[in-house]
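Below are the chains, spelled out letter by letter.
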Amino acid sequence: MEAPVLYIVIPCYNEEEALPITAKRLVELTDDMIARALIAPESRIALVDDGSRDKTWEVICALNREDKRFQGIKLAHNAGHMNALWAGMSMVCEHCDALVTIDADLQDDVNAIYGFLEKYREGCDVVYGVRNDRSKDTAFKRATAQGFYKMMHRLGVEMVYNHADYRLLSRRAVEALLQFGEVNMFLRGMVPLLGFKSAQVFYERGERVAGESKYPLKKMLGFAVEGITSFSNKPIRFVTLLGLICALLGVAMLIYVLVSLFAGNSVAGWASMMMSIWLLGGMQLIALGLIGEYVGKIYMETKRRPKFILEEYRK
Ligand code: UDP
Ligand code: MG
């Protein structure tokens, strides 16, 4: 197998401090990989500026001037981490054999890419980078992240535990991924849907090389909500279930109310009010859940996900 053309795609949002360090590290890495004929000399590092407000784009332009290995992709506004990744992948897809996405802060160990390439050579189309420990994260981030994976699992979303957006995708995997028509993107949930042969490579997660996290609590929560609502209709089912429970309780209340009424220990109007509150409440929740089911269907339809992903066609 010939050495593949590898593109490393990096989303950058206000990363002027981290980028020079990251760039240096990646030059060393790609130099070494080219020297060892693991990747082709045409391999590139594509830096996606996600509408940064600092000097990120100037840094990228300077890198691009000095070394043709660096490419710059500038988004007109801050489209968010997922969209920046998407933009990068769609721009470079046709030029590469495989691509790796990694954060600009190098929290993910770049040496894992050697492992990625090995799996790729063995025929994997998707290689997930998986953190084998989170000791460098704050206790809070660790707890929330783990809770999130567990919840997603309960909601029936297939996700790789402790895998962020550090992964290798073969060209055909990227092409398949780009067929997904959804605007609400949650890549961690989408990649496993591809179904190609995959593998995991473990690495130790470090600290940010410079600058601070671009994921404050607000964005993290938004990300979690996005993940759930983009992949699961189960919260809607929950409403229906709640309605059923209410309606059942309503029937119990009905009996209780009627007994009290005929026993004569209720004030006028109480019985009819109690019954309507419980029964109507239950019915309303069931109706909401029912409408929700249809809204959920419409939602899934509007995603226009590919119905199948072709792996091979022998003629
Ligand atoms: N990022 C981005 N757009 C955003 C927020 C973040 O492109 O709106 C990038 C950021 O530059 C980094 C990656 O997404 O390369 C992950 O962000 P960060 O490292 O701050 O997240 P954390 O590791 O703290 O979860
Ligand atoms: Mg980070």
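Everything numeric in this text was worked out from a predicted model, so none of it was measured.

Regarding the site of ligand 1
Right, on to step 1. Contacts to ligand 1 come from 19 residues, most closely from Glu-15, Asp-50, Asp-105, Ser-213 and Lys-214.
Right, on to step 2. For ligand 1, an oxygen atom lies 2.7 Å from a polar atom in the backbone of Pro-11.
Right, on to step 3. Here Gln-107 contributes a side-chain N or O atom positioned 2.6 Å from an oxygen atom of ligand 1.
Right, on to step 4. Looking at the shell around ligand 1, its residues break down into five nonpolar, five polar and nine charged.

Digging into the coordination of the magnesium ion (ligand 2)
Ideal geometry at a metal gives 109.5 degrees between four tetrahedral donors and either 90 or 180 degrees between six octahedral ones.
Right, on to step 1. Summarising the metal site, the magnesium ion (ligand 2) is bound by the protein donors Asp-105 (OD) and Gln-107 (OE1), whose distances to it range over 1.8 to 1.9 Å. Gln-107 matches Asp-105 in its accessibility class, with the two residues each being buried.

Topic: the packing of aromatic side chains
Right, on to step 1. Throughout the structure, instances matching the rule amount to nine aromatic pairs.
Right, on to step 2. Ring centres of Phe-148 and Phe-186 lie 6.2 Å apart, and the angle between their planes is 85 degrees; this geometry places the pair in the edge-to-face category. With Phe-148 in helix 5 (residues 139-154) and Phe-186 in the loop between helix 6 (171-177) and helix 7 (187-194), the pair connects residues that are 38 residues apart, well separated along the chain.
Right, on to step 3. Of the residues examined, Phe-148 reaches a relative accessible area of 11% and is grouped as buried.
Right, on to step 4. On the basis of relative accessibility, which here comes to 0%, the residue Phe-186 falls in the buried class.
Right, on to step 5. Judged by centre distance (5.2 Å) and plane angle (80 degrees), the rings of Tyr-166 and Tyr-203 are edge-to-face. A residue pair is termed long-range when its members are at least 10 positions apart, and Tyr-166 in strand 6 (residues 163-170) and Tyr-203 in strand 7 (residues 198-203) qualify at 37 residues.
Right, on to step 6. With relative accessibility at 3%, the residue Tyr-203 sits in the buried group.
Right, on to step 7. An aromatic cluster is defined as three or more aromatic residues linked by ring pairs; in this entry it consists of Phe-148, Tyr-149, Tyr-161, Phe-186, Tyr-215, Phe-223 and Phe-231.
Right, on to step 8. Over the ring of Phe-231 we find Arg-305, and its NZ or CZ is 4.6 Å from the ring centre.

Some words on the environment of Lys-74
Right, on to step 1. With respect to the helices, strands and loops of the structure, Lys-74 is situated in strand 3 (residues 70-75).
Right, on to step 2. When the C-alpha atoms of Lys-74 and Thr-56 are compared, they prove to be 9.9 Å apart, with 18 residues separating the residues in sequence.
Right, on to step 3. If sequence neighbours within four positions are ignored, Lys-74 has contacts with Asp-49 and Trp-57.

Points about a nonpolar patch on the surface
Right, on to step 1. Judged by side-chain polarity, Phe-238, Leu-241, Leu-242, Ile-245 and Leu-249 come together as a nonpolar surface patch covering roughly 470 Å² of accessible area.
Right, on to step 2. Locating Leu-241 in the fold gives a position in helix 9 (residues 234-263).

With respect to the pattern of salt bridges
Right, on to step 1. Counting across every chain of the model gives 17 salt bridges.
Right, on to step 2. Of the charged contacts in the structure, one is a salt bridge between Asp-32 and Arg-36, with a shortest N-O distance of 3.0 Å.
Right, on to step 3. Residue class for Asp-32 comes out partly exposed when judged on its relative accessible area of 27%.
Right, on to step 4. A salt bridge links Lys-119 to Glu-122, with the shortest nitrogen-to-oxygen separation between them at 3.9 Å.
Right, on to step 5. A relative accessible area of 46% means that Glu-122 is categorised as partly exposed.
Right, on to step 6. Bridged by salt links that share partners, the residues Glu-15, Asp-105, Arg-208 and Lys-214 form one connected network.

Focus: helix 9
Right, on to step 1. For helix 9, with 30 residues, the first-to-last C-alpha span of 43 Å sits near the 44 Å given by 1.5 Å per residue.
Right, on to step 2. Taken together, the buried residues of helix 9 touch helix 10 (270-303).

Looking at the environment of Arg-142
Right, on to step 1. Among the secondary structure elements, Arg-142 is positioned in helix 5.
Right, on to step 2. Taking relative accessible area as the criterion, Arg-142 reaches 29% and is therefore assigned partly exposed.
Right, on to step 3. A sequence separation of 20 residues divides Arg-142 from Asn-162, and the C-alpha atoms of the two residues are 10.0 Å apart.

Some words on the UniProt feature "transmembrane region" (unreviewed entry) in the protein chain
Right, on to step 1. In the UniProt entry, the feature "transmembrane region" (unreviewed entry) is given for residues 238-263 and 275-295.
Right, on to step 2. The span residues 238-263 is 100% helix and 0% strand, and its two end C-alpha atoms sit 37 Å from each other.
Right, on to step 3. Span residues 275-295 is 100% helix and 0% strand, its end C-alpha atoms 30 Å apart.

Concerning the nonpolar core
Right, on to step 1. Counting residues in hydrophobic clusters, the biggest one holds 45 residues, and the most contacted among them are Leu-99, Leu-169, Leu-177 and Leu-187.
Right, on to step 2. Every residue in contact with Leu-99, bar those within four places of it in the chain, is listed here: Leu-6, Tyr-7, Val-9, Met-89, Val-92, Arg-167, Leu-168, Leu-169 and Val-174.
Right, on to step 3. With 35 residues, the next largest nonpolar core counts Val-59, Ile-60, Ala-98 and Val-110 among its residues.

Calculation criteria
- Residues numbered from 1 in each chain as written.
- Chains lettered and ligands numbered in written order.
- Predicted model: local features only at pLDDT ≥ 70, side-chain atom pairs only at ≥ 80, totals over all residues.
- Heavy atoms only, no water.
- Near = heavy atom within 4 Å.
- Polar contact = N/O pair within 3.5 Å; in protein donor to acceptor, adjacent residues only side chain to side chain.
- Nonpolar A, V, L, I, M, F, W, Y, C, P; charged D, E, K, R; others polar.
- Donors = N, O, S within 2.8 Å, 3.2 Å for Na, K, Ca; no water.
- Buried < 20%, exposed > 50% of the residue type's maximum accessible area, 1.4 Å probe, protein only.
- Phe/Tyr/Trp six-rings, centres within 6.5 Å; stacked < 30°, edge-to-face > 60°.
- Helix = DSSP H or I, 4+ residues; strand = E, 2+ residues; numbered from the N terminus.
- Lys NZ or Arg CZ within 6 Å of the ring centre and 35° of its normal.
- Contact = heavy atoms within 4.5 Å.
- Patch = residues over 30% accessible without salt bridge, like charges linked within 9 Å, V, L, I, M, F, W, Y side chains within 5 Å.
- Areas by Shrake-Rupley, 256 points an atom, 1.4 Å probe, with all protein chains shown as cover.
- Salt bridge = Lys/Arg side-chain N within 4 Å of Asp/Glu carboxyl O.
- Expected span 1.5 Å × (residues − 1).
- UniProt positions renumbered as here; feature names shortened; annotations may be inferred.
- Core = buried A, V, L, I, M, F, W, Y, C linked by side-chain atoms within 4.5 Å.

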